[in-house]
Amino acid sequence: MPKYGRGLNREIVAAVNAGMILEPFSIKDVRKLIKAKNWKPEPSENHVNVTLANGASDSHSVTYKKYFLSVGDGQYKVKPHYKGNEWL
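Residues numbered from 1 in each chain as written. Predicted model: local features only at pLDDT ≥ 70, side-chain atom pairs only at ≥ 80, totals over all residues. Heavy atoms only, no water.

A count of helical and extended segments in the protein gives 3 helices and 2 strands. Shown N-terminal to C-terminal, the secondary structure of the protein runs as helices and strands in the order α-α-α-β-β. Computed over C-alpha atoms, the radius of gyration of the protein comes to 12 Å, within 12% of the 12 Å expected from 2.2 N^0.38 for 88 residues, which places it in the range of a compact globule. Judged by the C-alpha coordinates and their principal axes, the protein covers about 30 × 30 × 25 Å. The buried share among the 88 residues of the protein stands at 41%. Taking as baseline every contact in the protein between residues at least 6 positions apart, the subset at least 24 positions apart corresponds to 46%. Taking the average location of the 14 positive side-chain charges in the protein and that of its 8 negative ones, the two points are 4 Å from each other. (Helix = DSSP H or I, 4+ residues; strand = E, 2+ residues; numbered from the N terminus. Rg over C-alpha atoms; globule rule 2.2 N^0.38 Å. Buried < 20%, exposed > 50% of the residue type's maximum accessible area, 1.4 Å probe, protein only. Contact = heavy atoms within 4.5 Å. Lys, Arg positive; Asp, Glu negative; His and termini not counted. Charge placed at Lys NZ, Arg CZ, Asp CG, Glu CD.)

Its 12 residues place the ends of helix α3 (residues 45–56) 17 Å apart at the C-alpha level, agreeing with the 16 Å of an ideal helix rising 1.5 Å per residue. Among the residues of α3, Val-48, Thr-51, Leu-52, Asn-54, Gly-55 and Ala-56 are the ones counted as buried. Here the buried face of α3 lies against α1 (8–18), α2 (27–37), β1 (68–72) and β2 (75–78). (Expected span 1.5 Å × (residues − 1).)

Here α1 crosses α2 at 95°, and the two axes come no closer than 11 Å. Put simply, α1 runs roughly perpendicular to α2. Together, Leu-8, Glu-11, Ile-12 and Ala-15 of α1 and Val-30, Leu-33, Ile-34 and Lys-37 of α2 make up the contact between the two elements. Residues of the contact of α1 with α2, tallied by class, amount to 6 nonpolar, no polar and 2 charged. (Axes fitted to C-alpha atoms, helices over the stretch in contact; angles between N-to-C directions. Parallel < 35°, antiparallel > 145°, perpendicular 65-115°, else oblique. Nonpolar A, V, L, I, M, F, W, Y, C, P; charged D, E, K, R; others polar.)

To continue, consider the pattern of salt bridges. Side chains that differ in charge, positive against negative, can pair when their charged atoms come close. Enumeration according to the criterion identifies 7 salt bridges in this entry. One salt bridge in this structure joins Glu-45 and Arg-31, with 3.2 Å as the shortest N-O distance. Of this pair, Glu-45 sits in helix α3 while Arg-31 is found in helix α2, placing the two residues 14 residues apart along the sequence. Glu-45 sits in the partly exposed class, given a relative accessible area of 43%. The class for Arg-31 is buried, based on a relative accessible area of 16%. Among the salt bridges present, the one from Asp-58 reaches Lys-79, with a minimum N-O distance of 3.8 Å. Taken as a pair, Asp-58 in the loop between α3 and β1 and Lys-79 in the segment after β2 lie far apart in primary sequence, 21 residues in all. Each member of the salt-bridge network shares a partner with another, and the members are Arg-31, Lys-35, Glu-42 and Glu-45. (Salt bridge = Lys/Arg side-chain N within 4 Å of Asp/Glu carboxyl O.)

Take it as geometry only, folks, not as evidence of what the structure does.
Below is the structure:
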C-alpha cells in the first residue's frame, strides 16, 4: 500500500497533468506538492531524490514504472505515455 496517495510518482504524474506542477520540474516542485497534500510524515529528501531518479532510470528494476524523463540538472518531465486526463 502506498504511503503517499496513490504512490509518490503517480501523484507527481497527476499533479503535472493537472497543471499543479509545471515541466520541467525538480525536487523543489515535488516538495511544494508534498506540502500542499499535507502528507505526514513527509517523505525524506533522500526518498524523493531516489524516487525521481528510479522513475527516470531505464536501468533500474524492470518492475518499477518509469514515469519520467531526466532532462538534466535535476530536472524531469513526465513521459508522453503518461500525459492526459486518465492520469489525473
